[in-house]
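Descriptive analysis of the structure
Below are the chains, spelled out letter by letter.
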Amino acid sequence: MSSSVLKISNVNKTFGGLKALTNVNLDIEKGKVHAIIGPNGAGKSTLLNVCIGLLEPDTGEVLFDNQDIIGKQPHEINQMGLARVFQTPEIFSELSLLENVMIPALSKRDGPFKFKIFKDLADEKDIMQESIDVLASIGMQDKIHGASGSLSRGDKRRLELAMSLIQHPKLLLLDEPTAGMARHDTNKTIELLKQMKEGGMTKVIIEHDMHVVFSVADTISVLARGKFIATGTPEEIKASPIVKEAYLGGGTHE
Amino acid sequence: MDFIKKRSDLFIMTVFSIAVFSMPIWLDPIGASYPDLLQKFAIFGIFAIGYNILFGLTGYLSFGHAIFIGVGSYTAVWSFKLLSMNAIPAIIFGTLFAGLIAALVGYVSLRRSGIYFSILTLAFAQMFYNLAYSVLSPITNGETGLTIAADDPRVLDRLFSDVAAGGGLPSTEIFGISMSGYSGFYFTAVLLILAFFISLKIFNSPFGLKLKAIKSNQNRMKYTGYNTRPYLITAFVISGMFAGLAGSLMAVTDPLAGAERMQWTASGEVILMTILGGVGTLYGPLLGVGIMKYLENIFSAINESVLQSFFAFMPQWLNDTMVVIITPFVGEGWHLTLGLMFMVVVIFLPGGVTEGFQKIKNRFTKSKEQEKLKQGDE
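Fair warning: this is a prediction, and the values are worked out from it, not measured in the lab.

Conventions adopted
For every chain, the first residue of the written sequence is number 1, and numbering continues from 1 onward in sequence order. Chain letters and ligand numbers both follow the written order, the letters beginning at A and the numbers at 1. For this predicted model, a pLDDT threshold of at least 70 governs which residues receive local features, and a threshold of 80 or more governs which side-chain atom pairs are given and counted, while totals over whole chains, interfaces and linings are taken from all residues. Working definition: helices are DSSP H or I runs of at least four residues, strands are E runs of at least two. Numbering for both runs from the N terminus. We compute the radius of gyration over the C-alpha atoms and compare it with the globule rule, which gives 2.2 Å times the number of residues raised to the power 0.38. Any residue with 12 or fewer other C-beta atoms within 10 Å of its own C-beta is exposed, any with 20 or more is buried, and the rest are partly exposed; the C-beta atoms used are placed from the backbone. Placing a C-beta atom from the backbone of each residue, one calls two residues in contact when those atoms lie within 7 Å. Pairing between strands is defined by DSSP: at least two bridges between them are needed. One fewer than the residue count of a helix, multiplied by 1.5 Å, yields its expected span. Note on method: axes are straight lines fitted to C-alpha atoms, helices fitted across the in-contact stretch only, with angles between N-to-C directions ranging 0 to 180 degrees. Take the far helix as the reference: if the near one is turned anticlockwise from it by less than a right angle, the crossing is left-handed, and if turned clockwise, right-handed. Under the grouping applied here, Gly and all other residues not named as nonpolar or charged are polar, the nonpolar ones being Ala, Val, Leu, Ile, Met, Phe, Trp, Tyr, Cys and Pro and the charged ones Asp, Glu, Lys and Arg.

1. Focus on the overall build of chain A
Along the backbone of chain A there are nine helices and 10 strands. Relative to a compact globule of 254 residues, whose C-alpha radius of gyration would be 18 Å, chain A shows 19 Å and is just as compact. Across its three principal directions, the C-alpha atoms of chain A cover 60 × 40 × 35 Å. Classification of the 254 residues of chain A by burial places 44% in the buried group. Across chain A, every contact between residues at least 6 apart in sequence was considered, and the portion connecting residues at least 24 apart equals 68%.

Written as structure tokens, this is what we have:
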């Protein structure tokens, strides 16, 4: 199993008397887009928080790139190559688009801390060129000096994706990337995700929106009451009677 | 490609240096050109520039920076007592020791953010203030304050020259140049320019951008791979060292140090100056210092008889009324004026005086742009 980027084995997590995750195993293969779906309260957020080291599981192991990430700080996990996109777009609203993208690029190059004040930001030509290229790839090259705080929600999401892209992460975790978006913005985001898929980046998408999941995922895992009840290709999941019963509500889905 | 516009540091620094060194000339018409006040401008300028690196860039509001002013002052006076009346070792030790204390205070206070950070720094300020009066009084000389005496050791001075015993109190100097009057101002001015240069470099560097990003969204910074704590501690120590430098310069101007310099209200003053001028901007804090120290100078000097002669052209009854109304706002009560002014700025110009200038500038450039657009249409 050398091709797995993230490997979760036998993870259990309880909150008080509530079993949030029961013997969860997950293997994310390199280069694949893996979607995790499930009804509300299935344990998706708990699983995500375990994956990013925010929650410590009661038992089990989380290996990212063959290294244990349990108990590691968020910045350490990012430096290892795991980037994450939040449910509500988390950007630096007071800064320009260019600066928003330069910050993750500098993090990738300089590591978690660097104190160097005698080289101006304006002289970081390589980082700047790279940032402009990434902004161009999401179609935002015209407004690089504009304030990012005034962007629409969909544009903020795309900016956040660009911030992750510039780090070339080994794994990108997306937490409901289209939550709260208008249809038009959702479609734009799907296009971007598809475009990123062609780049071969490994991604885990946690999502409610079936339209998004079925358009971009290679593999889908269905989580229900803290357990994975099915894993397969979008077609297999669509056809699976167990999934229909647990999640799609007996075939009412389009 | 559309890169960030590069401003020439050399140009900015030349203009800034000329502006600072020529202060005795261009401040003459408004009666602010005497060395005492100029030196005050420069010292508080250094303090505010440093404070702005922490508060302006990272958004962390510290009530504890007066500690470092105090530490800088005490260290400088001890340097005068033990080593030499030369100002250079005094400011070096003052700055370094303040940096050390800042690292300690910052290490503990920066475990929390927001209001809890502010409260922790406030607690530290109160602790240091009380320590200076109690446990540390062998070092600080308690309520009397630390002063120099004719029979101080001054090892270095005695090593290089025969200091006549029983002479009067020596004065601070740099290799023979006395640090009083204009020479004192020019010495402080050089350090102000240096402080401004460091601030300029920080503002334009990736380090400065990261501090701004921490202010904007610290959580995002962590998930972007940054260990934010060392960034914050570095910013805190730098601003503490600037405050230590300012404190030691106060001691160079007048070689005594007292605990009242450490009172948290002194930190409050630098917060007011920074906000008044424009927090987070490069020049704002300096503007704030200039405005506040100048007005303090004017308003605190006014008394009843000055007011009476000012309103002398009015009928006697009106003159009396005006004097009664205005008296509480001047002299000892000038803080009332300051409070009103501060309220007006915060309500109408939350970005400080700098924002006011920006608004005026935008109005001009916009109307010009619109004209251009119109001409383009025709």
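2. Side note on the sheet that holds strand β5 (residues 67-68) of chain A
Residue and element names in this part refer to chain A. Taken in spatial order, the four strands of this open sheet run β2-β1-β4-β5, and their pairing is antiparallel. Each edge of the open sheet carries a strand with a single partner, namely β2 (18-29) and β5. Here strand β4 (residues 59-64) pairs with β5 via two bridges, running antiparallel. Its bridge partner being in β5, L63 is matched across the sheet by D68.

3. A closer look at helix α14 (residues 284-301) of chain B
In this model, α14 of chain B (18 residues) spans 26 Å end to end at C-alpha, consistent with the 26 Å of a helix rising 1.5 Å per residue. Listed in full, the buried residues belonging to α14 of chain B are G284, P285, L286, L287, G288, V289, G290, M292 and K293 of chain B.

4. A few points about the packing of helix α4 (residues 65-82) of chain B against helix α5 (residues 87-109) of chain B
In helix packing, the relevant descriptors are the interaxial angle and the interaxial distance, both defined with respect to the helix axes. All names here are of chain B. Put simply, α4 and α5 touch, their axes get as near as 8 Å, and they point 140° apart. The handedness of the crossing between α4 and α5 is right-handed. In this structure, α4 contributes I67, F68, V71, G72, T75, A76, S79 and F80 to the contact, and α5 contributes P89, A90, I91, F93, G94, T95, F97, A98, I101, A102 and V105. Here the residues of the contact of α4 with α5 are counted per class, giving 14 nonpolar, five polar and no charged.

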